[in-house]
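One-letter residues, chain by chain:
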Amino acid sequence: MAQTPHPEADWWRQAVVYQIYPRSFADSDGDGIGNIAGVTAKVPYLKALGVDAVWLSPFYPSALADGGYDVDDYRDVDPKLGTLADFDEMSAKLHEAGIRLIVDIVPNHSSDRHVWFQEALAADPGSPARDRYIFRNGLGPNGDQPPSDWVSHFGGSAWTRVPDGQWYLHLFAPEQPDFDWSNPEVRDDFRKTLRFWSDRGVDGFRVDVAHGLAKDLAEPLRSMPVIPELDIQVDGTNPLFDRDDVHTIFEEWREVFNEYSPPRAAVAEAWVPTTRRALYARPTELGQAFNFDLLREDWDAEGFRKSITENLAESAASGASSTWVLSNHDVIRHPSRYALPTGLGREGLDEWLLSDGLDPLPDHAAGLRRATASTLLLLALPGSMYLYQGEELGLREVPDIPRDQLADPIWLRTGHQLKGRDGCRVPLPWTVARDAAGGSSFGFGSGGAHLPQPDWFGQFSVEAEEVDPDSVLALYRTALRLRRELQTTETLEFETSVPTDVLSFRRPGGWLVITNFGTTPVPLPSGEVLVASGPLADGQLPGETTAWIRE
Ligand code: GLC
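What you see as residue numbers is a count from 1 along each chain, following the sequence as written. Totals for whole chains, interfaces and linings use all residues, but because this is a predicted model, local features are given only for residues with pLDDT of at least 70 and pairs of side-chain atoms are given and counted only at 80 or more. Only hydrogens and water are removed before side-chain values are computed, so all heavy atoms of the structure are retained for them.

Quick look at the pairing of strand S8 (residues 265–268)
Three exposure classes are used, based on accessible area relative to the maximum for each residue type with a 1.4 Å probe and protein chains only: buried under 20%, partly exposed in between, and exposed over 50%. Helix and strand assignments follow DSSP, with helices taken as H or I runs no shorter than four residues and strands as E runs no shorter than two, numbered in order from the N terminus. Residues of S8 alternate between two faces, with Ala265 and Val267 on one and Ala266 and Ala268 on the opposite face, all of them buried. Paired strands, as defined in this entry, are two strands with at least two bridges between them according to DSSP. One ladder, built from four bridges, connects strand S7 (residues 204–207) with S8; its direction is parallel. Each residue of the ladder has a partner; that of arginine 206, found in S8, is valine 267. Note that S8 and strand S9 (residues 287–289) share three bridges and pair parallel. What sits directly across from valine 267, in S9, is glutamine 288.

Now the structure itself:
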């Protein structure tokens, strides 16, 4: 007999999900590192913000070779961040506040301190312990050349040699050995982990590097001297990324998710072209996949229109719901991206970071205007919105962290050619003054902050913005409250008779959304203005502004 679906089985389809990078959110014990109890203490803040769910970046035991994405033990909490009891308390408090909880799962690689990798190092070449990872003999007469020309995302070879002469594969840092997903033991252990957290009441999973798990390891290993990024061949045959056979893994995961009621939700981090993304998001697999298109798109009406149209079509075709992302823990915060000249591209942005944010000089006012206009536009779209901690404050990137304090492995592994991602991971400012609450970290904690916060952080603090009705925080709160009332079926109709610099669409129920990407004001459509990303005057929508209108 077919079971009736749980009434809240689809809660994730149009949720607003708030990403917490726990080490930089709030520190309750004064060791300079944010922790689980810090999140629990801020549940009232999250409730007032109005988010539907929290996504918690890794909080597992880790030596932090890659900010926690190097996991020692998938079924425990890092003692620096708390205990499993603290986790349960946080989960209970979030649920009491009506907020769901998504945890990050890192299946492509463990850390080199994971018990399995330690066993592998102690075992002989060819042993079952080594077969959970990817060990190979080297090339050349003495085997002292890496088994292939594959490179790590963080720079350098993707192979590291161990004392007995074999090499192991790591697509990221050497401290992050890749699992061999063709090994049934690996597959079973991850299903056990999914059940471990699902049994504890976790509502869903964010799946790290989902496109990397399946690999073609047939000898000779195929040559691939550069990471293909988003230009991956779209036929699923690349040796390392987005292979067709990766999908059987997520079909098995779906069976686990469906053991629960409501079924556990999931979202793939898959850096693949738009046309391949929906495969991960099929209802028989993860349900959603991050749409990263706008992370690479300038502030431009046509680019937004194209991304919106393509993503809605792709997800509708697969039965998934769309996702929208402007910032996360891996990219330059969007108010800073939008403050820079268009067309810089990824390399231009990297150079800007290397100039400590001075070349080119950002136009911060324009950056913030465009950032809030984009947020309001995306919040009105069908599908889920993923927010990154601090964006609700309008926080900018910190591009000038002193070089000797940079912690991202990218900085070291590229021989100081790239700074990496620390600038978006600086601990949040909660108070106006640096030394409020006995600390020197804008209320982050009483023991300072693990990455230095600039002086301007205070004016972006929660304390400053809570009392300012025109703050970015006030705008996010209003928009999230209204969105709960307005969000309906996942459909949208573009308004076609608008200037090229304007994007406008209707959602069911008389909800009209209009964004002016240009700088010249345009007439406001008739109706009641529910919220706008900036001040309106004389029946006009100023440049770089979004408004929601009830017709
Ligand atoms: C993902 C994470 C990133 C991490 C990498 C390796 O891309 O978002 O922060 O460095 O995976 O786990």
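Having seen the model, we can carry on.
Description of the site of the ligand
Proximity is defined per residue: any heavy atom of the residue falling within 4 Å of a molecule or strand makes that residue near it. Contacts to the ligand come from 14 residues, most closely from Asp66, Asp208, Glu269, His329 and Asp330. Within the contact set of the ligand, an oxygen atom lies 2.5 Å away from a side-chain nitrogen or oxygen of aspartate 330. Here the ligand, which alone exposes 310 Å², has 96% of that area covered by the protein. Throughout this description, a polar contact denotes any pair of N or O atoms lying within 3.5 Å of each other; where both atoms belong to protein, one of them has to be capable of donating a hydrogen while the other can accept it, and for residues adjacent in sequence the pair is counted only when both atoms sit in side chains. Only the protein chains shown count as cover for residues, with accessible areas throughout obtained via the Shrake-Rupley method and a probe of 1.4 Å.

Re the packing of helix H5 (residues 184–199) against helix H6 (residues 247–257)
At a minimum axis distance of 10 Å, the contact between H5 and H6 shows a crossing angle of 35°. Crossing of H5 over H6 shows right-handed handedness. Contacts between H5 and H6 involve Arg187, Phe190, Arg191, Leu194 and Arg195 on the former and, on the latter, Thr248, Ile249, Glu252, Trp253, Val256 and Phe257. Amino acid classes used here: Ala, Val, Leu, Ile, Met, Phe, Trp, Tyr, Cys and Pro are nonpolar; Asp, Glu, Lys and Arg are charged; the rest, including Gly, are polar. Counted by class, the contact of H5 with H6 contains six nonpolar, one polar and four charged residues. In this analysis an axis means a line fitted to C-alpha atoms, helices contributing only their contacting stretch, and an angle means the value between N-to-C directions, from 0 to 180 degrees. Crossings are classed by handedness, with left-handed meaning an anticlockwise turn of the near helix from the far one by less than a right angle and right-handed meaning a clockwise turn. In what follows, residue pairs with any heavy atoms lying within 4.5 Å of each other are defined as contacts.

As for the sheet that holds strand S5 (residues 159–161)
Read from one edge to the other, the open sheet built from three strands follows the order S4-S6-S5, with strand pairing classed as antiparallel. Each edge of the open sheet carries a strand with a single partner, namely strand S4 (135–136) and S5. Across two bridges, the pairing between S4 and strand S6 (residues 167–169) is antiparallel. Looking across to S6, one finds that arginine 136 is bridged to tryptophan 167.

Describing the pattern of salt bridges
Salt bridges are identified by distance alone: a Lys or Arg side-chain nitrogen within 4 Å of an Asp or Glu carboxyl oxygen. For the structure shown, the criterion picks out 43 salt bridges. For arginine 100, the salt bridge is made with glutamate 8, and the minimal N-O distance between the two is 2.5 Å. Note that arginine 100 is positioned in strand S3 (residues 100–105) and glutamate 8 in the segment before strand S1 (16–20), a separation of 92 residues in sequence. Judged by relative accessible area, which is 41%, glutamate 8 ranks as partly exposed. Bridged by salt links that share partners, the residues Asp66, Asp330, Asp408, Arg421 and Arg425 form one connected network.

A word on the nonpolar core
Counting 132 residues, the largest nonpolar core has Tyr18, Leu46, Phe59, Phe87, Phe250, Trp253 and Trp548 as the members making the most contacts within it. Considering every element that reaches this core, the biggest residue donor is helix H14 (residues 472–486), with eight residues. Excluding its chain neighbours within four sequence positions, the residues that come into contact with leucine 46 are Tyr18, Ile20, Phe25, Val51, Val54, Leu94 and Ile99. Judged by nonpolar contacts, the second largest core, of 19 residues, contains Trp159, Met224, Ile232 and Ile410. Buried Ala, Val, Leu, Ile, Met, Phe, Trp, Tyr and Cys residues form a nonpolar core when they are joined through side-chain atoms within 4.5 Å.

Brief notes about the sheet that holds strand S16 (residues 528–532)
Spatially, five strands are ordered S12-S13-S14-S18-S16 in an open sheet, and the strand pairing comes out antiparallel. At either margin of the open sheet sits one strand with a lone partner, and together these are strand S12 (493–494) and S16. Sheet analysis places strand S14 (residues 511–516) next to strand S18 (residues 545–550), joined by six bridges and oriented antiparallel. Within the sheet, the bridge partner assigned to isoleucine 514 lies in S18 and is alanine 547. In the packing of helix H8 (residues 301–318) onto the sheet, the strands contacted are S12 and strand S13 (502–507), and the crossing angle to S13 comes to about 30°. Along the sheet, helix H11 (residues 364–379) contacts S13, S14, S16 and S18; its crossing angle with S18, the most-contacted strand, is approximately 35°.

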